[in-house]
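Single-letter residue listing:
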Amino acid sequence: MKLNFFIIFMVLLFLSPLMSKDKIDQKKTNTSNSKIVHVEINLDFKGKNYKLVYSGCIVSEKGHVLIPFSYEKKSITDARLWFNHNEYSVKVLDVNEQVDIALIKFEPESKTNYYKILQQPVSPKTESILLTT
């Protein structure tokens with residue numbers, strides 16, 4: 001009985017950091033192999049300034065990133081991205097308001113590890129996009 005209790009205690013002790021609900025700071029945890037980036041966008045929406053924070057996925061070796069985004073492109077005043085512990089300026093290439101997604105681009109020092117997107121047309125009725133590694 002004591003042995004079972006000890007084993008359960010050790011398993012819970014080992015898993016407790018994995019079960020933590022604390023937020024992970026993407027700026028500090030990205031590695032050179034990371035495909036997920038931290039993005040901050042400042043925008044002017046209906047006369048008020050907002051700072052929005054996103055996690056995005058890299059979809060090309062040249063620094064193209066997809067983020068969820070449901071605002072007009074013209075409302076963006078500034079965008080920053082953190083990849084591999086470095087901060088970059090971001091150019092917003094396109095915002096698709098039908099599927100609430102934006103394509104942004106940054107200039108990495110070297111080619112990035114990225115998610116490959118299944119090459120097929122995506123309609124506004126599509127509820128998901130398949131990403132493969």
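Owing to the predicted nature of the structure, the values given are computational and were not obtained by experimental measurement.

1. Considering the overall build of the chain
Turning to step 1, where the next piece is worked out: What the chain contains, in helices and strands, is 2 helices and 9 strands.
Turning to step 2, where the next piece is worked out: With 133 residues in all, the chain has 29% of them scored as buried.
Turning to step 3, where the next piece is worked out: For the chain, the share of sequence-separated contacts (at least 6 apart) that also reach a separation of at least 24 residues comes to 52%.
Turning to step 4, where the next piece is worked out: Accessible area of the chain: about 9800 Å², with a carbon and sulfur share of 55%.

2. A word on the nonpolar core
Turning to step 1, where the next piece is worked out: Counting residues in each nonpolar core, the largest one holds 21 residues, and the members touching the most others are V39, I41, V65, I67, F69, L81 and I104.
Turning to step 2, where the next piece is worked out: The set of elements that each furnish at least two residues to this core consists of β1 (36-45), β2 (48-58), β3 (64-68), β4 (76-83), β6 (91-96) and β7 (101-105).
Turning to step 3, where the next piece is worked out: Excluding its chain neighbours within four sequence positions, the residues that come into contact with V65 are V37, G56, C57, I58, V59, L81, A102, L103, I104 and F106.

3. Comments concerning the pattern of salt bridges
Turning to step 1, where the next piece is worked out: In this structure the tally under the stated criterion is 5 salt bridges.
Turning to step 2, where the next piece is worked out: Between K111 and E61 there is a salt bridge whose closest N-O contact spans 3.8 Å. Remark: E61 occurs in the loop between β2 and β3 and K111 occurs in the loop between β7 and β8 (116-117); sequence separation between them is 50 residues.
Turning to step 3, where the next piece is worked out: Judged by relative accessible area, K111 falls into the exposed class, the value being 66%.
Turning to step 4, where the next piece is worked out: A salt bridge links E87 to R80, with the nearest nitrogen and oxygen atoms 2.8 Å apart.
Turning to step 5, where the next piece is worked out: Judged by relative accessible area, which is 43%, E87 ranks as partly exposed.
Turning to step 6, where the next piece is worked out: For R80, a relative accessible area of 23% translates into the label partly exposed.

4. Details of the confidence of the model for the chain
Turning to step 1, where the next piece is worked out: Confidence in the prediction for the chain averages 75 pLDDT; 63% of positions are at 70 or higher.
Turning to step 2, where the next piece is worked out: The spread of mean pLDDT over the elements of the chain runs between helix α1 (residues 2-15), the lowest at 45, and strand β5 (residues 86-89), the highest at 94.
Turning to step 3, where the next piece is worked out: Counted against residues more than four places away or in other chains, residues 1-6, with its pLDDT under 50, gives 0 contacts.

5. With respect to the packing of aromatic side chains
Turning to step 1, where the next piece is worked out: The full count for this structure, using the stated rule, is 5 aromatic pairs.
Turning to step 2, where the next piece is worked out: Taking the centre distance of 5.0 Å and the plane angle of 55° together, the rings of Y88 and F106 count as tilted. Of this pair, Y88 sits in strand β5 while F106 is found in the loop between β7 and β8, placing the two residues 18 residues apart along the sequence.
Turning to step 3, where the next piece is worked out: We classify Y88 as buried; its relative accessible area is 7%.
Turning to step 4, where the next piece is worked out: Counting every residue linked through ring pairs, the aromatic cluster contains F45, Y54, F69 and Y71.

6. Section: the pairing of β6
Consecutive side chains of a regular strand alternate in pointing toward one face of the sheet and then the other.
Turning to step 1, where the next piece is worked out: Bridge analysis of β6 against β7 gives 5 bridges, and the strand direction is antiparallel. Each bridged residue has a counterpart across the sheet, and for V95 the counterpart in β7 is A102.
Turning to step 2, where the next piece is worked out: Here β6 folds back onto β7, and the loop between the two strands holds 4 residues, one of which, D100, carries a positive phi near 50°.

Analysis parameters
- Residue indices begin from 1 for each chain and proceed along its sequence in written order.
- Owing to the predicted nature of the model, reporting of local features is limited to residues with pLDDT of at least 70; listing and counting of side-chain atom pairs is limited to 80 or more, with chain, interface and lining totals taken over all residues.
- Values shown for side chains rest on all heavy atoms present in the structure; no hydrogens or waters enter the calculation.
- Strands are runs of DSSP state E lasting at least 2 residues, helices are runs of H or I lasting at least 4, and numbering of each runs from the N terminus.
- We call a residue buried when its accessible area falls under 20% of the maximum for its residue type, exposed when it is over 50%, and partly exposed in between, using a 1.4 Å probe and counting protein chains only.
- Should any heavy atoms of two residues lie within 4.5 Å, those residues are counted as being in contact.
- Note on areas: Shrake-Rupley with a 1.4 Å probe; residue coverage comes only from the protein chains shown.
- Definition used in this section: a nonpolar core is a set of buried Ala, Val, Leu, Ile, Met, Phe, Trp, Tyr and Cys residues joined via side-chain atoms within 4.5 Å.
- Salt bridges are defined by distance alone: a side-chain nitrogen of Lys or Arg within 4 Å of a carboxyl oxygen of Asp or Glu.
- A residue's pLDDT is the predictor's confidence in that residue, given on a scale from 0 to 100.
- Ring pairs are drawn from Phe, Tyr and Trp, using the six-membered ring of Trp, whenever the two centres fall within 6.5 Å, and their geometry is named by plane angle: stacked under 30 degrees, edge-to-face over 60, tilted for the rest.
- Here, any two strands with at least 2 DSSP bridges between them count as paired.

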